[in-house]
Amino acid sequence: MTSTSAQKPSLLVDDRFVLIGTLALASHLLLFRLVDLWPEQIAKLYVGLFALDLTVRYTYLHSGIVGTLFATIVDVVAYTVFVLASIGVYRLKFHRIADIPGPTSWALSKWSTFGIDRQGLRPRAVHAAHVEYGDVVRTGPCEVSINSPDAVAAISAAKSECWKGPWYDSAAGGREPHIMRSLINLTDRTEHQRRRKTWDAAFSAKALKGYEGALVNNMEIMLRQLAKRANADEAMDIDDWGMFFAFDMISEVGFGRNLGLLEQGKLSPILEQLEDLMKFQQVVNNRPYMIEVTRQIPTPKGAYAGMVMELLEQRDKDAHGQKADIMQFLYEASAEEEGTDEHSKTFDKYNMRNNHGRRAELAAEARLIIVAGSDTSSTVMAMTLFLLLQHPKVTTQLRAELDLVFGTDYETVLSDFTRLDRECPLLNAVINESMRLFPPLAGGLQKVNTRGSTIVPLASGSKMVVPKDVVMTIPTWTMQRDARNFSPAPNVFRPERWLHPEREERFDRRAFVPFSAGATVCVGKLLAYMELRLVIANLVRRFDMTATSDFDPVAFEDGLRDVFVSTRLKKLSVKLTDRSSGASQAAAAV
Ligand code: HEM
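Numbering of residues starts from 1 in every chain and runs along the sequence as written. With the structure being a predicted model, the display of local features is reserved for residues of pLDDT at least 70 and the display and counting of side-chain atom pairs for 80 or more, all residues being used for whole-chain, interface and lining totals. Hydrogens and waters are ignored; side-chain quantities use all the structure's heavy atoms.

Participant: What should I look at first to understand the UniProt feature "transmembrane region" (unreviewed entry) in the protein in this one?
Facilitator: UniProt positions are given in the numbering used here, feature names are shortened, and annotations may be inferred rather than shown by experiment. The residues that UniProt annotates with the feature "transmembrane region" (unreviewed entry) are residues 66–90. A distance of 36 Å separates the end C-alpha atoms of residues 66–90, which is 100% helix and 0% strand. Elements are defined by DSSP. Helices are runs of H or I of four residues or more, strands are runs of E of two residues or more, and each kind is numbered from the N terminus.

Structure, rendered in structure tokens:
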């Protein structure tokens, strides 16, 4: 049609917003609802829409370039508003999980929990929602949190159809197939099975025996350093020392050489930045598509990768092919696998040959060793010491147990891992009770069934059907403090509940999942227990610990934050007194 102003098509003029509204509704129902579009695709779609609108307007309405441009902007804004309105109404009224209770703003958009994630308060916010709405809460437009020990097996067991959710794509750095992932981020189940076999070998009983020397070595350095500070009557943040130990230990067990943090008494700048990055990362990972934007921003991840590469290279030089460390197992399994059909298939599928194949895979695993094995353990150390500070009676009982098993020469380093495990029930109870109250990964881990719906048993005894593609989490913090699972006094530190569970009002071991469960259960669980027993037993036996006068336990506990792994805003400020005879003699000589 040629154009005079009288002949302008009415659809573009009078019925303009009807047309845009219809288009918006259609694109929501036929596109946005069905395809998970990430920013790059949305940007392309918008560029296309903008160009189309501009061309049609310019061709048919001839209102001049400025007028056309302005009208197109109005069209695109109106389109966006209509799409958002359609999405909002759909999410609240027609979505497959619209009938699941929860805060309305959470159902509307994951952006409503942005502030909660930024402050690291997700586990507590989800906990409050469970208190208000019950065992099943809608925590996002397409997400539910299910507080039920029976649900653990349904969504985590090896046979379950559920697998890692979209959180892990973001943690990996994107969802493109060529992105090299470490074990924890593998959203492809077959690939995970292949790599998990290797990791399992690195944590077998025999392998763990081989790591004992590294653990004891770092324990000796820690005790020496702390004794020095105790003798100088220095106040310290004992949480920091747990962190130095955890990093040094895992790098020595992983790569045969520690990072020297215990010797230096401080974190390296790269590790400090990495800790800060975790806070930012948690906000992104809960909105996985953001990774496409944020990965353009330079982060300390590159420096961290460089640090790990250096550790690897140094290790390879020192090792001459053989070393009793985690990397040795990963190298051996990788070498054995090379050339097999299984290996070739997965490498081709992920285009790994173009990504330096085997070396890149091993480097990704190497980076995971340090990340997975540091903050997790140091959190348990900090929270256990904090709880013992608040419960001097338990500390006394624990010392009595250790005296009975190991004698009273406090100068010696306890290093018999078998006896710490089998003959020290209270020590183990203290550690478990600490992880029950303060699980390092408190927020729950995403699982999703992309093949169909999942039947999930609830705590009430009924069952719910969770539709396909709905992301599920089990709220670890909430479940481990639920009176139906642990009674009496579920919020109180009572290690004795672990000594005689059969005498407890309620004790449901299935509800204790600090290491997760099933096919993705923490591969380092036994190593973590070895480390925790060693550190807690040695510190409790060797030192009296008192909080400094400015330490506020309530503020410390309130300052616990979740950045996937827990972190603390406040210092655990203490002074130590050395209980060993060496220290008494030194004091007497003065
Ligand atoms: C108290 C200390 C620890 C706690 C509470 C803990 C907790 C967890 C949890 C909850 C998971 C499951 C994560 C998920 O499904 O996304 C996990 C996975 C993992 N952990 Fe630990 N962890 C601890 C120590 C360690 C240590 C010392 C290592 C040694 C390197 C380690 C290595 C791993 C690895 C490699 C995975 C991935 C497993 C997989 O996806 O198959 N963890 N951990």
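After presenting the structure, the write-up continues.
Participant: Would you mind going over the UniProt feature "binding site: heme" (unreviewed entry) in the protein with me for this structure?
Facilitator: Here, UniProt's "binding site: heme" (unreviewed entry) annotation points to Cys 522. Along the polypeptide, Cys 522 turns up in the loop between strand E10 (506–507) and helix H24 (525–542). The class of Cys 522 is partly exposed, set by a relative accessible area of 32%. Two residues qualify as a contact provided that any one of their heavy atoms is within 4.5 Å of a heavy atom in the partner residue. If we ignore the near neighbours within four places in the chain, the residues touching Cys 522 are Arg 196 and Phe 515. Burial status follows relative accessibility: with a 1.4 Å probe on protein chains alone, a residue under 20% of its type maximum counts as buried, one over 50% as exposed, and anything between as partly exposed.

Participant: For this particular structure, what's the right way to read the site of the ligand?
Facilitator: Residues are counted as near a molecule or strand when any one of their heavy atoms sits within 4 Å of it. Near the ligand you find 27 residues, and of these Lys 164, Tyr 168, His 192, Arg 196 and Cys 522 are the closest. Here a polar contact is recorded for every N or O atom pair within 3.5 Å, except that within protein the pair must consist of a potential hydrogen donor and a potential acceptor, and residues adjacent in sequence are included only if both atoms are side-chain atoms. For the ligand, an oxygen atom lies 2.8 Å from a polar atom in the side chain of Lys 164. In this structure, an oxygen atom belonging to the ligand sits 2.7 Å away from a side-chain N or O atom of Arg 196. Among the elements of the structure, helix H9 (189–202) and helix H18 (357–390) are those that each provide at least two residues to the shell around the ligand. A per-class count over the shell around the ligand returns 18 nonpolar, 7 polar and 2 charged. The residue classification treats Ala, Val, Leu, Ile, Met, Phe, Trp, Tyr, Cys and Pro as nonpolar and Asp, Glu, Lys and Arg as charged. All others, Gly included, are polar.

Participant: Mind showing me how you'd approach the domain arrangement of the protein here?
Facilitator: It is common to give the size of an interface as the accessible area that goes away when the parts come together. The split of the chain into domains comes from an automatic or database domain assignment. Looking at the protein, the domain boundaries give domain 1 (5–94) and domain 2 (173–441 + 514–589). Across the boundary between the two partners, domain 1 contributes 6 residues, which contact 7 residues of domain 2. Summed over both partners, the accessible surface that disappears when two parts come together, traced with a 1.4 Å probe, is what is meant by buried area. Roughly 580 Å² of surface becomes buried between domain 1 and domain 2 when both sides are summed, with 62% attributable to carbon and sulfur atoms. Area buried by domain 1 at its contact with domain 2 is led by Trp 38, Pro 39 and Glu 40, which between them contribute 87% of it. We define a salt bridge as a contact between a side-chain nitrogen of Lys or Arg and a carboxyl oxygen of Asp or Glu at a distance within 4 Å. For the pair domain 1 and domain 2, the number of links is 1 salt bridge. Salt-bridge contacts for Arg 175 lead to Asp 36; the nearest nitrogen and oxygen are separated by 3.9 Å.

Participant: Before we go on, may I ask you to explain helix H3 (residues 65–94) in this structure?
Facilitator: To estimate how far a helix should extend, the number of its residues minus one is multiplied by 1.5 Å. In this model H3 runs 41 Å from its N-terminal to its C-terminal C-alpha over 30 residues, within 8% of the 44 Å that 1.5 Å per residue would give. In this structure, the buried residues of H3 make contact with helix H1 (16–32), helix H2 (39–61) and helix H4 (104–108).

Participant: Where do I start with unusual backbone geometry in this structure?
Facilitator: Glycine aside, residues mostly have negative phi angles, and peptide bonds mostly take the trans form. The residue after Ser 487, namely Pro 488, is reached through a cis peptide bond having omega 5°. Mapped onto the secondary structure, Pro 488 falls in the loop between strand E9 (486–487) and helix H23 (496–499). A positive phi angle, close to 85°, is found at Phe 564, a residue other than glycine.

Participant: Sorry, what's going on with the packing of helix H21 (residues 425–437) against H24 here?
Facilitator: Between two packed helices, what matters for the description is the angle formed by their axes and the separation of those axes. In contact at an axis separation of 10 Å, H21 and H24 are set at 110° when each is read in the N-to-C sense. With respect to H24, the element H21 is oriented roughly perpendicular. When the axes of H21 and H24 are compared, the crossing they make is right-handed. For the pair H21 and H24, the contacting residues are Leu 427, Asn 428, Ile 431, Asn 432 and Met 435 in the first and Tyr 529, Leu 532, Arg 533, Ile 536 and Ala 537 in the second. A class-by-class count of the residues in the contact of H21 with H24 yields 7 nonpolar, 2 polar and 1 charged. Structural elements are reduced to axes, namely lines fitted to C-alpha atoms, with helices fitted over the stretch in contact, and the angle between N-to-C directions of any two is expressed from 0 to 180 degrees. Every angle not falling under 35 degrees, over 145, or within 65 to 115 is termed oblique; those three ranges are roughly parallel, roughly antiparallel and roughly perpendicular. A crossing counts as left-handed when the near helix is turned anticlockwise from the far one by less than a right angle, and as right-handed when that turn is clockwise.

Participant: Even after reading the chapter, I still don't get the environment of Val 448, so can you show me in this structure?
Facilitator: Inspection of the secondary structure puts Val 448 in strand E5 (residues 447–448). For the pair Val 448 and Pro 166, spaced 282 residues apart in sequence, the C-alpha to C-alpha distance is 8.4 Å. Not counting the four nearest positions on each side in its chain, Val 448 is found in contact with Glu 161, Cys 162, Trp 163, Lys 164, Gly 165, Asp 469, Val 470, Val 471 and Met 472.

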